[in-house]
Amino acid sequence: MHSKTLYIKTFGCQMNERDSEIIEQLLAQDGYLAVDGADKADVVILNTCSIRAKAEQKVFSLLGQLREQKQLRPGMRIGVAGCVAQQEGEKIFSRMPHVDFIVGTQQIYQLPEILQRLDQGATSHELATDLDAAFAIPPFQQLLTHQPPANPEGFRRFVTIMQGCNNYCSYCVVPHTRGREVSRPVADILEEVEILVSQGIKEITLLGQNVNSYGMTNPVAETPTSFARLLRLVAAVPGLKRLRFTTSNPKDLSAELVACFGELDNLCPHFHLPVQSGSNRILRLMNRKYTVEEYLEKVAALRERCPQIALATDMIIGFPGESEADFEATMELLRTVRYHGSFSFKYSDRPHVRSAEFSDKVEESVKSERLARFQGLQDQISLERNQEQLGQEVEVMVESAQSEMWKGRTTTNHIVHFPAAAQPHQPGDCLLVRIDHAGKHSLRGNIVVPEAEIDH
Ligand code: SAH
Ligand code: SF4
Ligand code: F3S
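For every chain, the first residue of its written sequence is number 1, and the numbers climb from 1 along that sequence. The lettering of chains begins at A and the numbering of ligands begins at 1, in the order of writing. Restriction of local features to residues with pLDDT of at least 70 applies here, the model being predicted, together with a cutoff of 80 or more for giving and counting side-chain atom pairs; totals for whole chains, interfaces and linings are based on all residues. Note that water and hydrogens are dropped before the side-chain values are worked out from all heavy atoms of the structure.

(A) Seen up close, the pairing of strand S10 (residues 203–207). Residue exposure (1.4 Å probe, protein chains only): buried if accessible area is under 20% of the type maximum, exposed if over 50%, otherwise partly exposed. Helix and strand labels come from DSSP, where a helix needs a run of H or I of at least four residues and a strand needs a run of E of at least two; each type is numbered from the N terminus. Burial within S10 is extensive, with 5 of its 5 residues counted as buried. Only strands joined by at least two bridges in the DSSP assignment are considered to pair. Here strand S7 (residues 156–160) pairs with S10 via 5 bridges, running parallel. If you follow Phe158 over to S10, its bridge partner there is Thr205. Both S10 and strand S11 (residues 242–246) contribute to a ladder of 5 bridges, which runs parallel. Note that in S11 the partner of Glu203 across the bridge is Arg242.

Quick look at the structure:
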């Protein structure tokens with residue numbers, strides 16, 4: 001039988017990356033083989049992101065290009081999944097009539113049936129965008145038995161612990177595209193982690209839009225479990241080398257979670273803690289529910305508990321009403337915290353969000369100019385932070401070990417390049433590397449040769 005080919009292009013966050021993996025696993029059961037380009041695929045799925053206006057525009061321009069490919073190969077099927085699919089629904093069909101199917105964020109598990117119906121000619125267009133509070137993740141045991149072949153990155157995995165978000169930050173489309181917050185049962189999470197580790201996975205990242213509120217809304221466990229408690233349970237899975245999580249709203253960061261750092265050996269000393277602005281007035285307008293002072297207290301508690309912790313953040317530049325003084329407060333926060341790295345974005349209006357209705361939008365040119373100033377300062381701080389590592393010997397988990405220069409990552413999430421070891425190694429192996437060069441985006445070093453090896 002001629003097997004069908006599938007190409008998935010993923011945009012946006014790790015939640016979408018995880019969903020794309022699941023789609024690939026699900027469709028592998030029906031004989032779909034993943035290929036690395038739309039030109040070779042019978043089915044092309046764009047797994048889309050709607051977080052900023054630009055992300056959405058990208059999807060529509062790519063769909064425009066796919067129209068030409070479909071004219072040459074009319075049998076090809078094109079689908080849209082993810083947050084733009086959820087948000088725009090059937091409007092995508094009218095704008096892009098060559099699209100065959102649209103699946104929302106909670107409906108990816110329908111894909112096998114959707115494709116079957118299209119194949120049988122039962123329908124020409126399929127739409128599945130229901131969004132309700134039900135937990136959409138099916139028994140993963142079923143998914144795990146149909147894993148796609150191990151890829152070279154097969155040493156780390158994401159494990160979803162919750163879906164949706166209830167926070168309604170005033171600028172954010174996620175509660176509208178991912179639905180209400182629901183936590184996944186502890187037992188399911190633990191079982192998935194145990195299975196993955198038994199298959200040789202070394203690093204797990206727990207995923208949710210606001211992991212700090214795990215178990216607080218719709219607790220699915222009989223006894224509500226806090227995120228810190230869940231973290232302790234996952235960290236205790238034998239054989240798990242590194243544990244990370246993303247993302248956290250600072251308002252829900254508990255003392256119990258702070259205590260996990262420095263206590264759990266395999267919990268990586270790296271914390272992505274999006275702050276969004278350094279101005280209390282703007283934070284209030286954003287509906288973030290914390291002040292700069294409260295945020296700084298949490299940062300101090302984390303650093304006290306775990307001095308080597310590397311902090312990263314997200315920043316929105318040019319939120320409606322942001323004055324030069326508000327922006328200067330953001331720069332001041334950056335100088336105070338001295339993040340190891342940050343993701344900064346120009347504000348853009350999104351459908352259904354409250355800030356879209358706010359007046360005094362900041363001009364595009366002002367946003368660009370402020371973003372450049374912010375990123376200039378961050379680059380300088382990142383370089384100085386990286387230079388702090390010069391001369392240190394750090395544990396690096398190998399990510400690629402093919403050419404003469406290998407690449408790996410520290411527990412603090414820094415990329416390190418280093419000359420190949422004498423012995424072959426696999427991705428997921430850990431080596432001791434001495435850092436001897438620091439750039440603003442990565443480090444370079446040399447493997448520390450253990451004494452025993454020098455002797456012979
Ligand atoms: N759950 C995370 C954020 C996920 S969205 C949290 O609560 O922090 C990823 C990032 O996109 C956000 O942190 C924010 O910095 C940015 N973002 C979200 N909406 C945006 C918008 N309308 N314009 C610009 N950036 C936005
Ligand atoms: Fe969006 Fe706020 Fe939820 Fe993060 S916490 S996903 S920024 S609404
Ligand atoms: Fe984008 Fe949706 Fe993630 S909007 S950031 S793909 S939750």
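(B) Representation of helix H1 (residues 14–28) in the model. Its 15 residues place the ends of H1 21 Å apart at the C-alpha level, agreeing with the 21 Å of an ideal helix rising 1.5 Å per residue. Burial in H1 covers these residues: Met15, Asn16, Arg18, Asp19, Ser20, Ile22, Ile23, Gln25, Leu26 and Leu27. To estimate how far a helix should reach, multiply one less than its number of residues by 1.5 Å.

(C) Representation of the site of ligand 2. Throughout, near means a residue has at least one heavy atom within 4 Å of the molecule or strand. Residues in close proximity to ligand 2 include Cys165, Asn167, Tyr168, Cys169, Tyr171, Cys172, Val174, Pro175, Gln209, Asn249 and Arg288, which together make up its full environment. Classification used: nonpolar for Ala, Val, Leu, Ile, Met, Phe, Trp, Tyr, Cys and Pro, charged for Asp, Glu, Lys and Arg, polar for all others including Gly. Class assignment of the residues belonging to the shell around ligand 2 gives a composition of 7 nonpolar, 3 polar and 1 charged.

(D) Inspection of the site of ligand 3 at higher detail. Around ligand 3, the neighbouring residues are Cys13, Asn16, Thr48, Cys49, Ser50, Ile51, Cys83, Val174, Arg178 and Gln209. Here the residues of the shell around ligand 3 are counted per class, giving 5 nonpolar, 4 polar and 1 charged. Domain ranges listed in this record stem from an automatic or a database domain assignment. Two domains each put at least three residues into the shell around ligand 3: domain 1 (4–130) and domain 2 (136–387).

(E) Examining the sheet that holds strand S4 (residues 77–81) more closely. A sheet is described by the order of its strands in space; here 6 strands give the open sequence S2-S1-S3-S4-S5-S6, paired in parallel fashion. Of all the strands in the sheet, just strand S2 (32–34) and strand S6 (126–128) have a single pairing partner and so form its edges. For this sheet, the mean angle separating the axes of adjacent strands, direction not counted, is 20°. Of the pairings in the sheet, the one linking strand S5 (residues 101–103) to S6 comprises 3 bridges and is parallel in character. Paired with Val103 across the strands is Ala128, a residue of S6. Pairs of residues are marked as contacts when any of their non-hydrogen atoms sit within 4.5 Å. Helix axes are fitted to C-alpha atoms over the stretch in contact, other axes to C-alpha atoms as well, and angles between N-to-C directions run from 0 to 180 degrees. H1 contacts strand S1 (4–10), S2 and strand S3 (43–48) of the sheet and is inclined by roughly 175° relative to S1. Of the strands in this sheet, S1, S3 and S4 are in contact with helix H2 (residues 53–72), which crosses S3 at around 175°.

(F) Representation of the nonpolar core within the structure. One finds Leu206, Phe227, Leu231, Phe245 and Phe271 to be the most contacted residues of the largest nonpolar core, which totals 65 residues. Ala38, Leu63, Val80 and Met96 belong to the second largest nonpolar core, which has 23 residues in total. Residues enter a nonpolar core if they are buried and are Ala, Val, Leu, Ile, Met, Phe, Trp, Tyr or Cys, with the set joined through side-chain atoms within 4.5 Å.

(G) Representation of the sheet that holds strand S19 (residues 443–447) in the model. A barrel is described by the order of its strands in space; here 5 strands give the closed sequence S15-S16-S17-S19-S18, paired in mixed fashion. Taken over all neighbouring pairs, the strand axes of this sheet differ in orientation by 50° on average, direction set aside. Across 5 bridges, strand S16 (residues 405–410) lies against strand S17 (residues 415–419) in antiparallel orientation. Directly across from Gly408, in S17, lies its bridge partner Val416.

(H) Fine view of unusual backbone geometry. Following Thr246, the chain continues to Thr247 via a peptide bond in cis, the omega torsion being 0°. Locating Thr247 in the fold gives a position in the loop between S11 and helix H10 (255–260). Positive phi, close to 50°, is recorded for Arg338, a residue that is not glycine. By secondary structure assignment, the location of Arg338 is in the loop between helix H13 (324–337) and strand S14 (341–346). Its identity is not glycine, yet Asn413 carries a phi of approximately 75°, on the positive side. Structurally, the position occupied by Asn413 is in the loop between S16 and S17. Exposure remark for Asn413: the relative accessible area of 28% places this residue in the partly exposed category.

(I) Up close: the side chain of Glu88. Inspection of the secondary structure puts Glu88 in helix H3 (residues 82–88). Nitrogen and oxygen atoms within 3.5 Å of one another constitute a polar contact, given that in protein one can donate a hydrogen and the other can accept it, and given that sequence-neighbouring residues count only through two side-chain atoms. A polar side-chain atom of Glu88 sits 2.8 Å from a polar atom in the side chain of Gln87.

(J) Here's a closer look at the pattern of salt bridges. A carboxyl oxygen of Asp or Glu within 4 Å of a side-chain nitrogen of Lys or Arg is what we treat as a salt bridge. Evaluation of the coordinates by the stated rule reveals 32 salt bridges. Between Arg18 and Glu21 there is a salt bridge; the shortest N-O distance is 2.7 Å. Residue Arg18 and its partner Glu21 are located together in helix H1, separated by 3 residues, close to a single helical turn. Residue Arg18 is classed as buried on the basis of its relative accessible area of 6%. Residue class for Glu21 comes out partly exposed when judged on its relative accessible area of 25%. Residues joined in a network through salt bridges with shared partners are Glu322, Glu324, Glu369, Arg370 and Arg373.

(K) Summary view of the packing of helix H8 (residues 186–198) against helix H9 (residues 227–235). Running from N to C, H8 and H9 point in directions that differ by 30°, and their axes come no closer than 10 Å. For the element pair H8 / H9, the angle class is roughly parallel. Crossing handedness for the pair H8 and H9: right-handed. Of H9, the residues touching H8 (which contributes Val186, Ile189, Leu190 and Val193) are Leu230, Leu233 and Val234. Class assignment for the residues of the contact of H8 with H9 results in 7 nonpolar, no polar and no charged. For classification purposes, an angle smaller than 35 degrees is called roughly parallel, one larger than 145 roughly antiparallel, one from 65 to 115 roughly perpendicular, and anything else oblique. Handedness of a crossing is defined here by the sense of rotation of the near helix relative to the far one, left-handed for an anticlockwise turn of less than a right angle and right-handed for a clockwise turn.

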